[in-house]
Each structure stands twice: as C-alpha cells, then as structure tokens.
Amino acid sequence: MLVYMIEASEIQAGGARAKARCDELGAFPYSDQAHGLFRPYLSPAHRETLGRLAQWMDDAGMSVETDAVGNIIGHYAGRTPDAPVLLIGSHVDSVRDGGRYDGMLGVMLGIEAVGHFHRHNQRFPFALEVIGFGDEEGSRFSTYMMGSRSAAGLTQTIDDSVTDRDGVTLHDALASWGLSTTRFKTAKRDNVLAYVEAHIEQAPHLERAALPLGLVRGIASQYRYRVTLGGQAAHAGTAMHERRDALAAAAEAISAIEAIGCAGPDDLVTTVGCLTVENGAPNVVPGLVVMTVDIRAVTPGVREDAAGQILKTLEAISHKRGVTLAVEQVQDLQGALCNEALNLTLRDAIIETTGKAPPVLLSQAGHDAMIMAHLAPMTMLFIRCEGGISHNPAEAVNSEDVEAAHRTLVNFITRVGEER
Ligand code: HGY
Ligand code: MN
Ligand code: MN
C-alpha cells in the first residue's frame, strides 16, 4: 500500500511538472514575440526551446539528438539494442500568439513518462523515444507537418523556395541550422512499433461531458487554398457602380464560405483565416486581395464536395463583380484513423486511471499523428482544455487533468510492454 502511495504522488508530480514546463516555455526566450507565445520553425525561440528540452530529456535518462529537419529526439533504450521503437510525440512550434499547451504538452508528457520508467529502472522489449516535431503548424512557411512528414518519409512535396513574411526562404532558414531538404529523407524513421500522441482537445466535448480524457477515433482531412481576387484599385471618390472592389468581393466570398460550412454535415468546417489587402488605404478602392480558405471534414467525400461548392461560388462572385480569380491549393492532408488495437489498450489505460470509460472523439484539428499513421499504428489521447479554446493565448488546462494524462500514458506504455 505504501509503495502505491509513493508511486501515485510521484506520478502526480510528473503531471504538474509537465504543465509548469509548458508555462515556462510560453515566454521569451522560448517565444519570438515580446508578449505571449510565437515559436516558429527554425527561429531563435525554436533553438532556445530545443536546448531546454535537451536538458529535460537528459534528466529523464534519454540520449538526445536533433534530426535532419530539426526534430528533437530523446532515446531511452529497450532491453535489446535492436528493439523496435515506441514513439511518443507532438510538436514544439506554435501559431502566432498561440497557446502554451498545443503540441508542447504532448512532448512534456512523453518526457515525464520516460522519466518515470528511468527512475524505476524499467526497460521494455521496445525502446521509448520522445520526438518534438519542429514544424507542424506551418506558421512560418506555407509548409505544414514538415517534421512528421520527414519522419514518416513523406517529404516529396516540400518546396524549399517558399518564403516567410520577411522573404527568408525555407532553404536559407534550413541552411542557417546546417540543414537542407536534400537531407530530409534521412529523417525517415524505421523499426517503429507504434506512435502515441497526447494533445489538448481543442474542442469543448470533454468539458461538456465533465471528463478529463478522451480517446481519439480519427482525424479530419484538410484542404487549404490561397485565393487571389483582382479588381481595380481606384480613388475612393469613384462612383459605386463603376468599381471593381476586390475586398467587397472577398467579403461576399467569406460569408458564402461560412454559409457552406454551416449548411454541411456536422463534421464539415470551413474557415477564412487570413486576408491581405494589397496597398490598402482608407481612400483607395481595394484592387487586390489574397485570402486563405481551410476546409476540413472527417467523412470521406465531404471536404471534396465542400471544396467544389466553394470553388463554384468563388467563380460566380468573380464573374458577377468583374474581378479576376486565382485559386492555388497549398495543402491536401488526408485524414487518418487511429489503430483499433492500440485504442483498446489506451482505453483500458484511461479507465485504469480515471475509473470511467472515455468518450471516443473525432478531431477536426490536424495532428502529427495523422502523418505518423502512414508509418506505424498510431493512437491519440485527448486532454480536456478550458472552453475548448486553442490557438489563443487563453488556452488553459488544469493540473489534475494533466496528471490523469500522465498516469494514463505510463499505464498505456506498461500495458503495451505486457502485451508484447
Ligand atoms: O491546423 C491544424 O489543425 C493544426 O493545429 N496544425
Ligand atoms: Mn495547433
Ligand atoms: Mn497541435
């Protein structure tokens, strides 16, 4: 009984520490933003963060390396040198003015789980590795999931001439870290037994169910487009009927895109997240607008149907208003289903921790797990987050939930070990 109590409190400390470390990494020098968090790929904040993570991985008994794309990997050997690897991962980058737990909490929980086994001198018939992917959000370049795509060997569509907001190419950013896209294929992992990712839910279902943890069944497919509307820049004194206003066309398009999302099945979501007015000024009728369109759905065919409807609507608006239209697809991300056998094991681990069967959830948010599913069986654990708010500095989790996630991950790994 005494042994159990020591164990429980020690695991509890691990959950609290995982959360506290995410908080520590939420500010300078681990953020490139003076207030709040922005940690883009290959930035000074990314480099500082990798230094701190390397210390924590080392303390948890792991050897540490950075791979050919800047992913950090902590390795905890199995019982034999050639043992397969159970990968525990998530991403270390953030969106602009993002939250502290999106991605990073999964990395921290991986470190805590390995630290737990290290302190107990426990080895498995597989190695444990914690991987912190460098680019998941695509918040610096129009790349996305480059870290996991490289690890899974899916690098074929990466164009290193893309630029960030300051005009720096991906090629030059990589070179400044001594990296290059020609080396990406060397980041492909082999001998991977399974991939597990713990992540905040980014939706309010767990909160509404008053439960700390959920089991993910699958992750939605995504399309992302860059849409350019070209009208005619003109003086603000131009008569209303003589204008070809690109921004007014965009406004009509945004409302229509929202309406298509609202009218579709429950699992369809449509978002215009960026809008740029070229040379915008109060006294100029907007001549050129660039906007993004993001379309997601879980059910096969739903995002394709929505994309078709949106394209038709854009063409109609362009025709009616006499503005040109260019649509470029910048992302096509296939959804993924979690592995059923791993999900059963994770479900049992959640029940062991919380005493309750977890809800089975679909994720509208994208995760590295959907890429890693191309490489190995994968499973995902969701952690309740306040109000379901994410991609926002107000993102919040409570310590008890993180502790439950920590205990679940330890239980899960132990069970996978017993099953082998
Ligand atoms: O866009 C996404 O779903 C993820 O947060 N990168
Ligand atoms: Mn995110
Ligand atoms: Mn994330």
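Residues numbered from 1 in each chain as written. Chains lettered and ligands numbered in written order. Predicted model: local features only at pLDDT ≥ 70, side-chain atom pairs only at ≥ 80, totals over all residues. Heavy atoms only, no water.

Structural notes on the coordination of the manganese ion (ligand 3)
Okay, so step 1: The coordination sphere of the manganese ion (ligand 3), as far as protein atoms go, consists of His91 (NE2), Asp102 (OD) and His199 (NE2), spread over 2.0 to 2.2 Å.
Okay, so step 2: Sequence spacing of the donor residues for the manganese ion (ligand 3), all on one chain, is H-x10-D-x96-H.
Okay, so step 3: The manganese ion (ligand 2) is placed at 3.5 Å from the manganese ion (ligand 3), the two being bridged by Asp102. Note that His91 is positioned in strand β3 (residues 85-91) and Asp102 in the loop between β3 and α3 (104-119), a separation of eleven residues in sequence. Each member of the pair, His91 together with Asp102, is buried. (Donors = N, O, S within 2.8 Å, 3.2 Å for Na, K, Ca; no water. Helix = DSSP H or I, 4+ residues; strand = E, 2+ residues; numbered from the N terminus. Buried < 20%, exposed > 50% of the residue type's maximum accessible area, 1.4 Å probe, protein only.)

Considering the coordination of the manganese ion (ligand 2)
When four donors bind a metal tetrahedrally, each ideal donor-metal-donor angle is 109.5 degrees, and when six bind octahedrally, the ideal angles are 90 or 180 degrees.
Okay, so step 1: Surrounding the manganese ion (ligand 2) are the protein donor atoms Asp102 (OD), Glu137 (OE) and His391 (NE2), at 2.0 to 2.1 Å.
Okay, so step 2: Donor residues for the manganese ion (ligand 2) sit on one chain with the sequence pattern D-x34-E-x253-H.
Okay, so step 3: On the basis of relative accessibility, which here comes to 42%, the residue His391 falls in the partly exposed class.

Considering unusual backbone geometry
Okay, so step 1: The residue after Phe28, namely Pro29, is reached through a cis peptide bond having omega 0°.
Okay, so step 2: With respect to the helices and strands, Pro29 occurs in the loop between α1 (2-24) and α2 (44-59).
Okay, so step 3: Phi angles above zero are rare outside glycine, and Met145 is one such case at about 55°.
Okay, so step 4: Relative to the helices and strands, Met145 is located in the loop between β4 (127-133) and α4 (146-151).

Overview of the site of ligand 1
Okay, so step 1: Glu136, Glu137, Gln222, Arg224, Arg296, Ala365, Gly366 and His391 make up every residue found near ligand 1.
Okay, so step 2: Taking Glu136, its side chain carries an N or O atom lying 2.9 Å from a nitrogen atom of ligand 1.
Okay, so step 3: Here an oxygen atom of ligand 1 sits 3.5 Å away from a polar atom, N or O, in the side chain of Gln222.
Okay, so step 4: For ligand 1, whose accessible area on its own is 210 Å², the fraction buried by protein is 92%.
Okay, so step 5: When grouped by side-chain class, the residues that make up the shell around ligand 1 number one nonpolar, three polar and four charged.
Okay, so step 6: The residues that make up the shell around ligand 1 include at least three from each of domain 1 (8-219 + 335-419) and domain 2 (221-333). (Near = heavy atom within 4 Å. Polar contact = N/O pair within 3.5 Å; in protein donor to acceptor, adjacent residues only side chain to side chain. Areas by Shrake-Rupley, 256 points an atom, 1.4 Å probe, with all protein chains shown as cover. Nonpolar A, V, L, I, M, F, W, Y, C, P; charged D, E, K, R; others polar. Domains from an automatic or database assignment.)

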